[in-house]
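# Notes for the structure review
Listed below are the residues making up each chain.
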Amino acid sequence: MDGAPDHTVVTVGVIAVPAVAAWAALAGDAFDAASSTAPAWILNNFARLFVIAADVFPVMCVVLALSRFDAIRLGGTGPGAGV
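Read on for a plain summary of the structure. Since the model is a prediction, treat every value here as computed from it, not as a measurement.

Parameters and conventions
Residues numbered from 1 in each chain as written. Predicted model: local features only at pLDDT ≥ 70, side-chain atom pairs only at ≥ 80, totals over all residues. Heavy atoms only, no water. Helix = DSSP H or I, 4+ residues; strand = E, 2+ residues; numbered from the N terminus. Buried < 20%, exposed > 50% of the residue type's maximum accessible area, 1.4 Å probe, protein only. Areas by Shrake-Rupley, 256 points an atom, 1.4 Å probe, with all protein chains shown as cover. Phe/Tyr/Trp six-rings, centres within 6.5 Å; stacked < 30°, edge-to-face > 60°. Patch = residues over 30% accessible without salt bridge, like charges linked within 9 Å, V, L, I, M, F, W, Y side chains within 5 Å. Salt bridge = Lys/Arg side-chain N within 4 Å of Asp/Glu carboxyl O. Expected span 1.5 Å × (residues − 1). Bend = angle between axes of the 7 residues up to and from the residue. Axes fitted to C-alpha atoms, helices over the stretch in contact; angles between N-to-C directions. Contact = heavy atoms within 4.5 Å. Nonpolar A, V, L, I, M, F, W, Y, C, P; charged D, E, K, R; others polar.

### Observations concerning the overall build of the chain
- Helix and strand counts for the chain come out as two helices and zero strands.
- Within the chain, the proportion of its 83 residues that are buried is 0%.
- Of the roughly 7,200 Å² of accessible surface on the chain, a fraction of 72% belongs to carbon and sulfur atoms.

### Quick word on the packing of aromatic side chains
- Taken as a whole, this structure holds two aromatic pairs when the rule is applied.
- Where Trp41 meets Phe46, the ring centres are 5.8 Å apart and the plane angle is 75 degrees; that geometry is what we call edge-to-face.
- Judged by its relative accessible area of 51%, Trp41 falls in the exposed class.

### Quick look at a nonpolar patch on the surface
- Together, Ile52, Val56, Phe57, Met60, Leu64 and Phe69 line one region of the surface with nonpolar side chains, adding up to about 580 Å² of accessible area.
- Topologically, Phe57 is positioned in helix α2 (residues 28-66).

### Regarding α2
- Over its 39 residues, α2 runs 53 Å from end to end, which matches the ideal 57 Å to within 8%, given 1.5 Å per residue.
- At Phe46, α2 shows its strongest bend, of approximately 60 degrees.

### So, the packing of helix α1 (residues 7-26) against α2
- Where α1 contacts α2, the two axes come as close as 5 Å, and the packing angle between them is 115 degrees. The segment α1 lies against α2, with Val20, Trp23, Ala24 and Leu26 engaging Gly28, Ala30, Phe31 and Ala34.
- Partitioning the contact of α1 with α2 into residue classes produces seven nonpolar, one polar and no charged.

Structural data, given as C-alpha cells:
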C-alpha cells in the first residue's frame, strides 16, 4: 500500500456527510426525531455487547502479554524504533 486513501471510503464519506447535513437542514423535525431515538436504540440493543467486549479486551491483553507473542517488536530496528 502506498499510503493513498481508499477511494471507496472517501467516496462514501463525501456522499454521506453532505446527505446528513442536507437531511438536518431540510427535514429538521424528522432528523431531530431520528437523532434523539438512535442513542436509546443503540444502548438497548448493544449494551451487552459493549460490556462483554470491555471485559474480554483486558483478559486478551494479559493472555497476549504472557504468551510467546510478548517478544514481538512493534517498530524497526533502529534507535527509538521500538516500543
